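In case you want the letters, here they are:
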Amino acid sequence: MEASTAPAPQIGISSCLLGEEVRFDGGHKHNRYITHSLGQYFDFTPFCPEVAIGLGIPRPPIRLAEQGDEIRVIGVADGSQDYTDRLKSYGERIAGQIGGLSGYILKKDSPSCGMERVKVYKEKMPERVGVGAFAEV
């Protein structure tokens, strides 16, 4: 039986899961299962929306916060720093460029990449009801 020469499916992925040191604290969230097991079957297209919009490494942390009727991405230490529109604009721009992807693997709990149940800070306690701004787009 002959080995397949078809190209591997292309998967979008949060850069930190590949071991890239792009997180707010200068660290990563390398996932060996992704790189060593899934990496045998898929090619990855990495994204870090926070770095892409110009946030440095390291950088002050951000979070989702309820403000009126909206959920915004704001700085933890400085709530006047709002990154929502920049992250969503980046998501819209990238969406038009990545039509060939077969799927995504995104960082859980991220205010930019989290797919579901991301903490949203309200008046008292945070609730896990949010979606990251980039992932939402």
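Here, every reference points to the structure presented above.
The text that follows walks through the structure, step by step, so that each part is easy to find. Computed from a predicted model, the values in this text were never measured in an experiment. (Residues numbered from 1 in each chain as written. Predicted model: local features only at pLDDT ≥ 70, side-chain atom pairs only at ≥ 80, totals over all residues. Heavy atoms only, no water.)

1. As for the pairing of strand β6 (residues 118–121)
Burial of β6 is one-sided: the residues Val118 and Val120 facing one way are buried, the residues Lys119 and Tyr121 facing the other way are not. Relative to strand β7 (residues 127–130), β6 runs antiparallel, the two being bridged by 3 bridges. Residue pairing in the sheet places valine 120 in a bridge with glutamate 127 of β7. Here β6 hands over to β7 after 5 residues, the two strands then running antiparallel side by side. (Buried < 20%, exposed > 50% of the residue type's maximum accessible area, 1.4 Å probe, protein only. Helix = DSSP H or I, 4+ residues; strand = E, 2+ residues; numbered from the N terminus. Pairing = 2+ DSSP bridges.)

2. As for the sheet that holds strand β2 (residues 43–47)
Backbone hydrogen bonds hold the strands of a sheet together, and the pairing may be parallel or antiparallel. Across the sheet, 3 strands lie side by side as β2-β1-β5; this open sheet has parallel pairing. Two strands in the sheet have a free side with no partner beyond their single neighbour: β2 and β5 (103–105). Across the sheet, the mean angle separating the axes of adjacent strands is 30° when strand polarity is ignored. (Axes fitted to C-alpha atoms, helices over the stretch in contact; angles between N-to-C directions.)

3. Concerning helix α3 (residues 84–95)
Compared with an ideal rise of 1.5 Å per residue, which puts 12 residues at 16 Å, α3 spans 16 Å between its outermost C-alpha atoms and is within 8% of the ideal. Among the residues of α3, those classed as buried are Thr84, Leu87, Tyr90, Gly91 and Ile94. Around the axis of α3, the buried residues are gathered within 140° of arc, so they sit on the same side. Along α3, the residues that are exposed and aim more than 90 degrees away from the buried face are Asp85 and Glu92. Contact partners of the buried residues in α3: β2, α2 (49–52), β4 (70–75) and α4 (133–136). (Expected span 1.5 Å × (residues − 1). Arc of directions from axis to C-beta. Contact = heavy atoms within 4.5 Å.)

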